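# Per-entry structural report
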Amino acid sequence: MPTDPTIETPTANVYEAYDMTHPPRHPGIGWTRFVCVSDNHSLIFPVPPGDVLLHSGDLSRHGTLKDIEVTLNWMKSLPHAAKFFTGGNHDLALDANYDQGGSMRNCKPKSLKDKDIVAARKLVRSKELRKAGMVYLEHESTTYTSPSGKTYTIYGSPAAPFYSIGAFQYKAGDGKAIYDRIPASTDILMTHTPPLGICDVTKRGKHAGCPELTERLNNEDLQRCRLHVYGHIHEGHGAAVVGLSPETLSGRVSVNAAMPNKPLAIIVDLKD
């Protein structure tokens, strides 16, 4: 039996629930299938095929090189031709603030060795991963060109508001400078934190997303951004359409792809 999309517009189909052994059929040329995951914390799950894999951080459980390698090896084995990923608050070895002289140096756990910090940061930008189609994004952009010739600009940020000792975190009020760096050319946005109010409700019923990210997303210059993928708040797993236009019946697809609570990637098909 066919799987119905959770969200369906003229330019986007979103699948939150489907049979992993028989995922929804790819809509064909002129569409790009983005398979969205986040927060696997060194656990490995079956992932459906697609054109592009997007991973929005928390690759690891404890932030060690060994933990990160588990996830990178898993991603490398997946069939997607292009794979883009960023870090998260658990990924300590990727945060330069844990280096000698860094602002988090005094909080570095004993299990996080200096040599592993250096090795992890080299690994995510290595030629080996590039050859596997894997691109790490830390407050930076890259592009992906679909088989139909459509070029998507993809921006990734590992940042999240401070909660407890971790990586890539910022204090209230510091998010504006971080998210002002998102270029207006962004089509696909990956952040580790959710924006405030969109798939960000904790098990205690509170919204835990970032208001400064929401403010940035509401700016007119980011209205071309068609897909925003994040994680961090595991209970917020799901998808929504933001800014649905009555004229075009389209808007930005927002996806909380955190996996451990629901180990199923979210599929987003975008019309090129």
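With an unreviewed UniProt entry as reference, the protein is termed Metallo-dependent phosphatase, source organism Lentinus tigrinus ALCF2SS1-6.

Before going further, it helps to examine the overall build of the protein. Along its length, the protein carries five helices and 15 strands. The C-alpha radius of gyration computed for the protein amounts to 18 Å, which stays within 12% of the reference 19 Å derived for 272 residues, consistent with globular compactness. When its C-alpha atoms are laid out on the principal axes, the protein stretches across 55 × 40 × 35 Å. A separation of at least 24 residues holds for 66% of the contacts in the protein among residues at least 6 apart in sequence.

Right, let's talk about the sheet that holds strand E8 (residues 151–157) for a bit. Pairing within the open sheet is mixed, and its six strands lie in the order E7-E8-E11-E12-E14-E13. The sheet is open, and its two edges are formed by strand E7 (140–145) and strand E13 (238–242), each paired on a single side. Strand-to-strand, the axes of this sheet are offset by a mean angle of 20 degrees, without reference to chain direction. Note: strand E12 (residues 227–230) against strand E14 (residues 252–256), four bridges, orientation parallel. Looking across to E14, one finds that His 228 is bridged to Ser 254.

Now for the nonpolar core. Here is a general trend for soluble globular proteins: nonpolar side chains tend to be buried in one another's company. Among the nonpolar cores identified, the biggest contains 34 residues, and Leu 72, Met 75, Phe 85 and Leu 94 are the most heavily contacted of them. Elements supplying a minimum of two residues to this core: strand E3 (31–37), helix H1 (65–77), helix H2 (114–123) and strand E6 (134–136). If one sorts the elements of this core by residue count, H1 sits on top with five residues. Once you skip the residues sitting within four places of it in the chain, Leu 94 turns out to touch Leu 59, Ile 68, Ala 120, Arg 121, Val 124, Tyr 136, Glu 138 and Phe 168. Core analysis: the next-biggest nonpolar cluster, separate from the first, contains 25 residues, Val 14, Phe 84, Met 190 and Leu 227 among them.

Structurally, the position occupied by Asp 51 is in the loop between E3 and strand E4 (52–55). No salt bridge is formed by the buried Asp 51; the nearest opposite charge belongs to Arg 33, separated by 6.3 Å. From its side chain, Asp 51 meets the backbone nitrogen of Arg 33 in a polar contact 2.7 Å long. Ignoring sequence-local partners within four residues, the contact set of Asp 51 consists of His 26, Trp 31, Thr 32, Arg 33, His 80, Ala 81, Ala 82 and Tyr 144.

Side chains Val 52 and Leu 54 project from E4 onto one buried face, and the interleaved Leu 53 and His 55 project onto a second face that is buried too. The pairing of E3 with E4 spans four bridges and is classified as parallel. Directly across from Cys 36, in E4, lies its bridge partner Leu 54. Where the polypeptide runs from E4 across H1 and back to strand E5 (residues 82–85), its parallel neighbour, the crossover connection is right-handed.

Before going further, it helps to spend a moment on the packing of aromatic side chains. Under the criterion given, the structure shown has four aromatic pairs. On the basis of an interplanar angle of 75 degrees and a centroid distance of 6.5 Å, the ring pair of Phe 84 and Tyr 144 is categorised as edge-to-face. Taken together, the residues Phe 84 in strand E5 and Tyr 144 in strand E7 connect sequence positions 60 residues apart. Summarising the burial analysis for this pair, Phe 84 and Tyr 144 share the class buried. Measuring from ring centre to ring centre gives 5.9 Å for Tyr 170 and Tyr 179, while their planes differ by 80 degrees; the resulting arrangement is edge-to-face. Tyr 179 carries the same exposure label as Tyr 170, and that label is buried. For Lys 150, the ring lying beneath its charged end belongs to Tyr 152, and the centroid distance is 5.4 Å.

Here the focus is the environment of Pro 183. Counting through the fold element by element, Pro 183 comes out in the loop between helix H4 (175–179) and strand E11 (188–191). Each C-alpha atom of the pair Pro 183 and Lys 203 lies 33 Å from the other, and the pair is 20 residues apart in sequence. Apart from residues no more than four positions distant in its own chain, Pro 183 is found in contact with Ser 141, Tyr 155 and Leu 222.

Each value, and the rule that gives it
Residues numbered from 1 in each chain as written. Predicted model: local features only at pLDDT ≥ 70, side-chain atom pairs only at ≥ 80, totals over all residues. Heavy atoms only, no water. Helix = DSSP H or I, 4+ residues; strand = E, 2+ residues; numbered from the N terminus. Rg over C-alpha atoms; globule rule 2.2 N^0.38 Å. Contact = heavy atoms within 4.5 Å. Pairing = 2+ DSSP bridges. Axes fitted to C-alpha atoms, helices over the stretch in contact; angles between N-to-C directions. Core = buried A, V, L, I, M, F, W, Y, C linked by side-chain atoms within 4.5 Å. Buried < 20%, exposed > 50% of the residue type's maximum accessible area, 1.4 Å probe, protein only. Lys, Arg positive; Asp, Glu negative; His and termini not counted. Salt bridge = Lys/Arg side-chain N within 4 Å of Asp/Glu carboxyl O. Polar contact = N/O pair within 3.5 Å; in protein donor to acceptor, adjacent residues only side chain to side chain. Right-handed = clockwise from strand over helix to strand, strands pointing away. Phe/Tyr/Trp six-rings, centres within 6.5 Å; stacked < 30°, edge-to-face > 60°. Lys NZ or Arg CZ within 6 Å of the ring centre and 35° of its normal.

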